[in-house]
Amino acid sequence: MKAFRMFSRNVRDSFNSVFRNFSLSLASISCITITLIVVAIFVILSYNVNNFTKLVEKDVTIVAFLDVDIKEEQIKELEEKIKRVAHVDHYTFESKQEIAESMMKGNETFKNIMGSWTDEENPLNPTFRIKATDIEQVEGVAKKVAKMEGVSEVKWGQDMINSLITVFDVVRKICAGTVIALILVTAFLISNTIKITIVSRRREIEIMRLVGASNTNIKIPFVLEGLFLGILGAILPIVATIYGYSTLYHNFKGQLFSPFIRLVRPEPFIYWISLLLLVIGILVGMFGSWRAVRKHLKI
């Protein structure tokens, strides 16, 4: 019971201290708020970039162009060989006629040109579209298929995919570095705020020592003060994240610039981000306070 009363008093004193030194507290809260908003932006960007990377990898298709004059028996033989290739997930075959029909849909020019083609006049290559079980296996599967008799060319966008993945990896690293830098700067500012608070309360701390208060009892209010600063600083970023991302998602109908770039669905994504922001705010506030107490409170 005594411990509970002491903890309640520490909580009350810490909360009162936030408003007693309001100008200093406001500076810390503002810094936490700005930092967490930027953190939220970079986390959302990083997560969506990561999601986009996975979608790109998932959609990688090996297109094997067959010889124009390939026979039906050779196509069946090729199909059996492709079945036996390791790491092939599934495949589809498109004949010359099917490819032509697909190109003519919704395009009058192609329809006028290709509509009168016979099977012998059709210059298009029949194709096998192959999906590998994993992005890392695509190149190996493509090389094996390219060596098969009857296959004239194999395409899977190797250079473009590798370039995209490299760019996305750089973006993720920049986001992570920016977030870490902002968190450290905020912790430093809170540390300085608590330091000033400690200096202004020197007399109070001396009285607490004289009446027999333990070192822990003296430290706890300052650490709790940092916790309150973190919570208060996280409120606006959480609200902005929940409403801002939901609005962005619905206004752009779940995609950015094109259907190829799909955004992560808001729920439960925004709630996980909100929880992360609250935890970061609390940890940064408490760490900044603990650092100030450890360095500037001589106990």
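Look above for the structure.
What this report covers is the structure whose coordinates are included nearby. (Residues numbered from 1 in each chain as written. Predicted model: local features only at pLDDT ≥ 70, side-chain atom pairs only at ≥ 80, totals over all residues. Heavy atoms only, no water.)

Describing the packing of aromatic side chains
Under the criterion given, the structure shown has four aromatic pairs. On the numbers, 6.0 Å between centres and 70 degrees between planes, the contact of Tyr91 with Phe128 is edge-to-face. Here Tyr91, found in strand E2 (residues 88-94), pairs with Phe128, found in strand E3 (residues 127-132); they are 37 residues apart in sequence, far enough to count as distant. Ring pairing ties together the aromatic residues Tyr47, Tyr245 and Phe269, which thus form one cluster. (Phe/Tyr/Trp six-rings, centres within 6.5 Å; stacked < 30°, edge-to-face > 60°. Helix = DSSP H or I, 4+ residues; strand = E, 2+ residues; numbered from the N terminus.)

Topic: the side chain of Ser246
You can see Ser246 is positioned in helix H9 (residues 215-251). In terms of polar contacts, Ser246 uses its side chain to reach the backbone carbonyl oxygen of Ile242, at 2.7 Å. With near-sequence residues (within four places) excluded, Ser246 lies in contact with Thr241, Pro266 and Ile270. (Polar contact = N/O pair within 3.5 Å; in protein donor to acceptor, adjacent residues only side chain to side chain. Contact = heavy atoms within 4.5 Å.)

Digging into a negative patch on the surface
A contiguous patch of negative charge, built from Glu72, Glu73, Glu77 and Glu149, is present on the exposed surface. Along the polypeptide, Glu72 turns up in helix H3 (residues 72-84). (Patch = residues over 30% accessible without salt bridge, like charges linked within 9 Å, V, L, I, M, F, W, Y side chains within 5 Å. Areas by Shrake-Rupley, 256 points an atom, 1.4 Å probe, with all protein chains shown as cover. Salt bridge = Lys/Arg side-chain N within 4 Å of Asp/Glu carboxyl O. Lys, Arg positive; Asp, Glu negative; His and termini not counted. Charge placed at Lys NZ, Arg CZ, Asp CG, Glu CD.)

Examining the nonpolar core
Counting residues in hydrophobic clusters, the biggest one holds 22 residues, and the most contacted among them are Leu36, Val39, Tyr245, Phe269, Leu277 and Ile280. Listed by contribution, the elements that provide at least two residues to this core are helix H2 (22-58), helix H7 (158-200), H9 and helix H10 (266-296). Here this core takes seven residues from H2, the largest share from any one element. The residues touching Tyr245, leaving out its near neighbours within four places in the chain, are Ile44, Asn48, Ala240, Leu263, Val264, Arg265, Pro266, Phe269 and Ile270. Of all hydrophobic cores here, the second largest spans 21 residues; its members include Val60, Ala64, Val145 and Trp156. (Core = buried A, V, L, I, M, F, W, Y, C linked by side-chain atoms within 4.5 Å. Buried < 20%, exposed > 50% of the residue type's maximum accessible area, 1.4 Å probe, protein only.)

Quick notes on helix H6 (residues 138-146)
All buried positions along H6 are accounted for by Val138, Val141, Ala142 and Val145. For H6, the arc enclosing every buried residue in end-on projection is 100 degrees, short of the 170-degree limit, so these residues lie on one face. Close packing links the buried residues of H6 with strand E1 (62-66), E2, E3 and strand E4 (151-155). (Arc of directions from axis to C-beta.)

Some words on the pattern of salt bridges
Per the counting criterion, the structure on display carries three salt bridges. Glu80 is the salt-bridge partner of Lys83, the closest N and O atoms lying 3.6 Å from each other. One end of the pair is Lys83 and the other is Glu80, both in helix H3 and three residues apart, which spans about a single turn. Arg129 is the partner of Glu94 in a salt bridge, and the nearest nitrogen-oxygen pair spans 3.0 Å. On the criterion of sequence distance, the pair formed by Glu94 in strand E2 and Arg129 in strand E3 is long-range, its members being 35 residues apart.

Here's the deal with the side chain of Thr241
Along the chain, Thr241 falls in helix H9. A distance of 2.7 Å separates a polar atom in the side chain of Thr241 from the backbone oxygen of Pro237. Not counting residues up to four positions away in its chain, the partners in contact with Thr241 are Ala40, Ile44, Ser246, Ile270, Ile273 and Leu277.

Concerning the sheet that holds E3
Overall, antiparallel pairing links the four strands, which are arranged E2-E3-E1-E4 in an open sheet. Looking along the sheet, the strands with just one partner apiece sit at the ends: E2 and E4. In this sheet, neighbouring strand axes are inclined to one another by 20 degrees on average, regardless of whether the strands run parallel or antiparallel. Taken together, the four bridges between E1 and E4 define a ladder with antiparallel strand orientation. By the bridge assignment, Ala64 is partnered in E4 with Val154. (Pairing = 2+ DSSP bridges. Axes fitted to C-alpha atoms, helices over the stretch in contact; angles between N-to-C directions.)

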